Amino acid sequence: MVPWHLHMLQNNSTMFNFSTNQNQLPLKRLFLCSTIFLAALSGTAVAQVKPVAQLTKYVDPYIGTGFHGHVFLGADVPFGAVQLGPVNLSEGWDWCSGYHYSDSTITGFSHTHLSGTGIGDLGDIAIMPVTGNVKLTKGRAGDEQSGYYSLFSHNDEVAKPGYYSVKLKRYGIQAELTASKRVGFHQYTFPAGRESKIIVDLRPGIGWDLATETYLHQENATTVSGYRYSKGWAKDQRIYFTAVFSKPIKQFMVYDSTLVKQGTEIKGRFVKGVALFDTKDGEKISLKVAVSPVSIENAKLNMKAEIPGWDFAKQVSLANDAWNTELSRIVIKATDPEKMKIFYTALYHTMIAPSVFNDVNGDYLGTDKKVYKNAPFTNYTTFSLWDTYRAAHPLLTLINSEKTGDVINTMLAIYQQQGKLPVWHLMGNETNCMVGNPALPVIADAYLKGIKGFDKDLAYEAMKSTGMKDDRGLSLLKKYGFIPADSVVENVAMGLEYAIADWSLAQVAKKRGNVADYAYWSKRGQNYRNYFDKSTHFMRGRVSDDKWRTPFNPFSATHEKDDFTEGNAWQYTWLVPQDVEGLIELQGGNRPFEAKLDSLFVAEGDMGGSSSPDISGLIGQYAHGNEPSHHIAYLYGYLGKPAKTADKVRFIMDSLYTDKFDGLCGNEDVGQMSAWFVFSALGFYPVNPVNGMYVFGSPVVNEATLNVGKGKTFSLSVKNNSKINKYIQSVVLNGKAYTKAYIMHSDLVKGGKMTIVMGAQPSATWGTKETDRAYSIAK
């Protein structure tokens, strides 16, 4: 989740009454396809994963394009640098990805997009095919003649992993898109009788993005190259490209904004080019656009390596194969086609980012704006860490640990270049968006799970150095043990997040045998206690050691002006996943904690007129549309009440995730909303994102096979599963009865088999004993 700064929208959050429901589809047979090309395409060791026949058919990219989902729609491959897709004429918060299902306009097809953020950016290198004479500006809504935009109908759209097509009504042009990691591949079918043109517009961006310097040069009859520098959410963005047409250009004209200029080369703030062609009815013109964060020459290398030819259908197939390979990391069976679609679309959404931010030769642009040549790791960008540290990164460690190593290497390189670990990193820029130190849990989780491929000493240094900074409220935290409410906004959220990060670092210190560091960071990990008011039993803003901020209303939420980040006291009181036992103690023990937790899901109150629209997907005051709530339903597993977790998570999965365009109850948040569903559908979730524990809930799959690395698989079989039979009765792990309310990461990655038997009534014995309950620190 990221702040909602500019657009004062009404909070469309939906309040749900608590109920239950469940659905579940058989998969087809497996087949082995070629993996040699896919290894190069995906940049991962895909030989360990056997692709499954057309898992992509269960992916519906439209899910989340409506309501506040903000997901990307278009053509890409897993974790690719290129997200090639349409951009609507409309702007605003619900157009952060450039596209919203409610719209019927297209201004062009851009090569970079964000998926599921709360701030719009990117939208680089817009391509728009047109016919006839048009004004060289996007235009105004309701007046097509004011610019070059076109209307379209969803009936004329096709979207699937690695492919997008649409008919531009105004021009009668059929547009088709596909992609590799660093190359966007366009194919346009033109009608007869009108002058055909393809516009290359370097002015437009999405959301906050604004071009600062742009350059175009026609190199020969078929090639145009250039670059686009811009500022926005990411303050200093640079992208280079080369574009090759399948047919010689009849004439290439360059423009400074809307003024035509002499020659075939131009530099300015808002430049664009128009390529003219003579075409016959039904003639196709293809265009390949390769991008690079480093140089035009590297963009050419990327094109030569990834899409040297002109077989569009072949690239569509290769992109589909790349998605099938990645989706095959988890193979499920379920009874309901809707659940299959929701699951694989969710898994797809977790694989759009982090996105590659380097070239095929290893070169990348650092945060310090230096070019790093031939790096020994794959550099990534788009780190929405405040969201993704909770479940998306733990999911990556489970099914794609080899990629986790490169993600950590990227973070360590960022640390060396900017002096601290990333907070919300985008296109080689630190945005400092959101609160806390969310890179620390990600690195600690990888470290403690024994993931290889990165420098452990450097990681420890980076974590400590970042935690000891003085910016973003840390100086006050170190001085007082809390961040005074009259000094910094969002201070409670900030302090609670820092406590999670500090506790994470303490566990790494313990692993390394550093007693002094363990004691120091463990103490800081307990600072959450300083925000708990025993008189109200809520987390709240503290002004001093003996004074709270007043007045206090646990329902109230004033966006970016109070003590919380996109939430209220009801939601933030539970943000102690690192020490649930400590939170239980503060609430007065198991029974008061359980009563308070029960009340969260039924409490009703007015948040006020200035609350963030990110506070969505409401069940009482539980807000599933925002990440700080994501672990809460699983806290019953720490009380010996797994049936209550089952009730809650089944309802959330059935009510707040659908297979419709508005099927997400809040921002997708770069994979976190979907990672919650993937884990929960499998029947477990990482409440504490660092201790390697997954707390059981209520699986909606009947079978699942997880590729957990090193050629090993973990198989899950769920017996007697149905809408009514939502409660776990018994678990058998590798042939032995298993009564614990959790399973460890170390058990999963060993490979093996687990059988879960479900029933219509809560079990009186499974997961209920004190010795079987989930816990925060090893007993």
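Every value quoted in this text rests on a predicted model; they were computed, and no experiment measured them.

Undergrad: So what's going on with the nonpolar core? Residues and values would help.
TA: Among the nonpolar cores identified, the biggest contains 165 residues, and Ile 330, Phe 343, Tyr 344, Leu 347, Met 411, Leu 421 and Leu 682 are the most heavily contacted of them. For this core, the leading source of residues is helix H11 (residues 491-512), giving 13 residues. When neighbours within four sequence positions are excluded, Met 411 is seen to be in contact with Phe 383, Leu 385, His 393, Leu 421, Pro 422, Ala 439, Val 442 and Ile 443. Within the second largest apolar cluster, 51 residues are counted, among which are Ile 125, Ala 175, Tyr 188 and Phe 277.

Undergrad: Before we move on, can you summarise the pairing of strand S37 (residues 727-733) with the specific residues and values?
TA: Examined bridge by bridge, S37 and strand S40 (residues 752-759) share six bridges and lie antiparallel to one another. Paired with Val 732 across the strands is Thr 755, a residue of S40. As defined by bridge partners, S37 adjoins strand S38 (residues 736-738) across three bridges and the pair is classed as antiparallel. In the sheet register, Val 731 faces S38, and the bridge partner there is Tyr 738. Counting the residues between successive antiparallel strands, the hairpin from S37 to S38 contains two residues, one of them, Asn 734, with a positive phi of roughly 50 degrees.

Undergrad: Tell me what's going on with empty space enclosed by the protein, and back it up with residues and numbers.
TA: Empty space among the atoms can be located by rolling a probe the size of a water molecule over them. Estimates place the volume of the largest cavity at around 210 Å³. For the largest cavity, the lining is made up of 24 residues, of which Ala 81, Thr 112, Ser 355, Val 356 and Met 427 are closest to its centre. Counting only elements with at least two residues in the lining of the largest cavity, the list comes to strand S13 (237-245), strand S18 (284-292) and strand S20 (355-356). Residues of the lining of the largest cavity, tallied by class, amount to twelve nonpolar, nine polar and three charged. In this structure, the second largest cavity occupies an estimated 170 Å³ of space. In this structure, the second largest cavity is lined by 18 residues; those nearest its centre are Thr 350, Ala 353, Pro 354, Ala 392 and Leu 396. If you list the elements that add at least two residues to the lining of the second largest cavity, you get strand S24 (383-384) and helix H6 (392-399). When residues in the lining of the second largest cavity are grouped by element, the largest group, five residues, is from H6. Residues of the lining of the second largest cavity, tallied by class, amount to ten nonpolar, six polar and two charged.

Undergrad: If you had to explain the side chain of Asp 60 to someone new, which residues and values would you point to?
TA: Relative to the assigned elements, Asp 60 resides in the loop between helix H1 (36-42) and strand S1 (85-87). Among buried charged residues, Asp 60 stands out as having no salt bridge; its nearest opposite-charge side chain is Lys 341, 4.3 Å away. Sequence-distant contacts of Asp 60, defined by excluding residues within four places in its chain, comprise Lys 341, Thr 345 and Asp 659.

Undergrad: Kindly report on unusual backbone geometry, identifying the contributing residues and their values.
TA: A cis geometry characterises the amide bond from Ala 353 onward to Pro 354, with omega recorded as 0 degrees. You can see Pro 354 is positioned in the loop between helix H4 (337-349) and S20. Cis peptide bonds are those with omega within 30 degrees of zero, and the linkage from Thr 550 to Pro 551 qualifies with -5 degrees. Relative to the assigned elements, Pro 551 resides in the loop between strand S30 (547-548) and helix H13 (569-572). One non-glycine residue, Phe 79, lies in positive phi territory at about 60 degrees. Note on placement: Phe 79 falls in the loop between H1 and S1. With a phi close to 55 degrees, Lys 710 is a non-glycine residue in the positive phi region. By secondary structure assignment, the location of Lys 710 is in the loop between strand S35 (703-709) and strand S36 (712-719). When its relative accessible area of 71% is taken as the criterion, Lys 710 is described as exposed.

Undergrad: Give me the lowdown on the pattern of salt bridges, citing residues and values where you can.
TA: Here the structure, examined in full by the defined rule, presents 34 salt bridges. Among the salt bridges present, the one from Asp 201 reaches Lys 272, with a minimum N-O distance of 3.5 Å. Within this pair, whereas Asp 201 is found in strand S10 (residues 196-201), its partner Lys 272 is found in strand S17 (residues 271-277), the two being separated by 71 residues in sequence. Glu 326 is paired through a salt bridge with Arg 329; the nearest N and O atoms lie 2.8 Å apart. With relative accessibility at 1%, the residue Glu 326 sits in the buried group. On the accessibility criterion, Arg 329 (2% relative accessible area) is buried. One network of salt bridges, with partners in common, ties together Glu 594, Asp 598, Lys 641 and Lys 644.

Undergrad: Talk me through the environment of Glu 176; I want residue IDs and the actual numbers.
TA: With respect to the helices, strands and loops of the structure, Glu 176 is situated in strand S8 (residues 173-179). Linking Glu 176 and Glu 157, residues 19 residues apart in sequence, is a C-alpha distance of 9.7 Å. Setting aside chain neighbours within four positions, we find Glu 176 in contact with Tyr 163, Tyr 164, Ser 165, Phe 185, His 186, Gln 187, Thr 189, Lys 284 and Phe 312. One polar contact links Glu 176 to Tyr 163, side chain to side chain, over a distance of 2.6 Å.

Undergrad: Report on the sheet that holds strand S25 (residues 424-426), specifying residues and quantitative values.
TA: Read across the sheet, three strands follow the order S24-S25-S26 without closing on themselves; strand pairing throughout is antiparallel. Whereas interior strands pair on both sides, the edge strands pair on one side only; in this sheet they are S24 and strand S26 (429-430).

Undergrad: Can you explain the pairing of strand S7 (residues 163-168)? Please cite residues and give values.
TA: Counted residue by residue, S7 has five buried out of six residues, so it is predominantly covered. The sheet contact formed by strand S6 (residues 157-160) and S7 spans four bridges and is antiparallel. Its bridge partner being in S7, Glu 157 is matched across the sheet by Val 166. Where S6 folds back onto S7 in an antiparallel hairpin, the turn is made up of two residues, including Gly 162, whose phi is positive at roughly 85 degrees. Where S7 lies against S8, five bridges are found, and the strand directions are antiparallel. The residue bridging Ser 165 from the neighbouring strand is Glu 176, located in S8. Connecting S7 to the antiparallel partner S8 that follows it, the hairpin turn spans four residues, and Gly 172 within it adopts a positive phi of roughly 70 degrees.

Undergrad: Could you give an account of the packing of H6 against helix H7 (residues 401-418), naming the residues involved and the relevant values?
TA: At a minimum axis distance of 6 Å, the contact between H6 and H7 shows a crossing angle of 130 degrees. By the angle between their axes, H6 is oblique relative to H7. In contact with His 393, Leu 396, Thr 397 and Ile 399 of H6, H7 contributes Ser 401, Lys 403, Thr 404, Val 407 and Met 411. Class assignment of the residues belonging to the contact of H6 with H7 gives a composition of four nonpolar, four polar and one charged.

Undergrad: Tell me what's going on with the environment of Ile 239, and back it up with residues and numbers.
TA: With respect to the helices and strands, the residue Ile 239 is situated in strand S13. In this structure Ile 239 comes out as buried when scored by relative accessible area, which is 5%. Along the sequence, Ile 239 and Lys 403 sit 164 residues apart, while their C-alpha atoms lie 24 Å from each other. Dropping the residues within four chain positions of it, Ile 239 is found in contact with Thr 112, Asp 124, Ile 125, Tyr 227, Arg 228, Val 291 and Ser 292.

Undergrad: Kindly report on helix H9 (residues 456-467), identifying the contributing residues and their values.
TA: For H9, spanning twelve residues, the distance from its first C-alpha to its last is 17 Å, which sits close to the expected 16 Å at 1.5 Å a residue. Inspection of H9 places Leu 458, Ala 459, Tyr 460, Ala 462, Met 463, Thr 466 and Gly 467 among the buried residues, and these make up the whole buried set. Considering only its buried residues, H9 is in contact with H7, helix H8 (439-448), helix H10 (474-480), H11 and helix H12 (515-525). Looking at where H9 begins, the residue whose side-chain oxygen comes 3.0 Å from the main-chain nitrogen of Asp 457 is Asp 455.

Undergrad: Give a detailed account of the packing of H11 against H12, specifying residues and quantitative values.
TA: Two elements in contact, H11 and H12, have axes whose closest approach is 7 Å; the angle formed by their N-to-C orientations is 160 degrees. Looking at the two axes, H11 sits roughly antiparallel to H12. Regarding H11 and H12, the two cross each other, and that crossing is left-handed. Residues Ala 499, Asp 502, Trp 503, Leu 505, Ala 506, Gln 507, Ala 509 and Lys 510 of H11 pack against Asp 517, Tyr 518, Trp 521, Ser 522, Arg 524 and Gly 525 of H12. Residues that form the contact of H11 with H12 fall into these classes: seven nonpolar, three polar and four charged.

Calculation notes
- For every chain, the first residue of the written sequence is number 1, and numbering continues from 1 along that sequence.
- Two thresholds apply to this predicted model, a pLDDT of at least 70 for residue-level local features and 80 or more for giving and counting side-chain atom pairs, whereas whole-chain, interface and lining totals are computed over all residues.
- Just so you know, side-chain values use all the structure's heavy atoms and leave hydrogens and water out.
- By convention a nonpolar core is built from buried Ala, Val, Leu, Ile, Met, Phe, Trp, Tyr and Cys residues, the set being connected through side-chain atoms within 4.5 Å.
- Classification of residues uses two cut-offs on accessible area relative to the type maximum, computed with a 1.4 Å probe and protein chains only: under 20% is buried, over 50% is exposed, and between them is partly exposed.
- Secondary structure elements are taken from DSSP: a helix is a run of H or I of four residues or more, a strand is a run of E of two residues or more, and numbering for both begins at the N terminus.
- The contact rule is simple, with two residues in contact once any of their heavy atoms fall within 4.5 Å.
- Two strands form a pair only when DSSP identifies at least two bridges running between them.
- Using a 1 Å grid laid over the protein atoms alone, points where a 1.4 Å probe fits but cannot get out form a cavity; open sets with protein on both sides within 12 Å along at least 5 of 7 lines form a pocket; any residue with an atom within 4 Å of a point counts as lining.
- Grid points are joined across faces, edges and corners, and a volume is the space filled by probe spheres set on the points.
- Residue classes follow a fixed rule: Ala, Val, Leu, Ile, Met, Phe, Trp, Tyr, Cys and Pro count as nonpolar, while Asp, Glu, Lys and Arg count as charged, and any other residue, Gly among them, counts as polar.
- Charge assignment in this entry is limited to Lys and Arg as positive and Asp and Glu as negative, and neither His nor the chain termini are counted.
- In the sections that follow, a salt bridge refers to a side-chain nitrogen of Lys or Arg positioned within 4 Å of a carboxyl oxygen of Asp or Glu.
- Identification of polar contacts relies on pairs of N or O atoms within 3.5 Å, with a donor-acceptor requirement for protein atoms, meaning one able to donate a hydrogen and the other able to accept it, and with residues adjacent in sequence counted only if both atoms are side-chain atoms.
- The axes are straight lines fitted to the C-alpha atoms, using for helices just the contacting stretch, and the angles between their N-to-C directions are given from 0 to 180°.
- Orientation labels follow simple angle bins: below 35 degrees gives roughly parallel, above 145 gives roughly antiparallel, 65 to 115 gives roughly perpendicular, and whatever is left gives oblique.
- Take the number of residues in a helix, subtract one, and multiply by 1.5 Å to get its expected span.
- Two helices that cross are described as forming a left-handed crossing if the nearer one is turned anticlockwise from the farther one by less than a right angle, and a right-handed crossing if clockwise.

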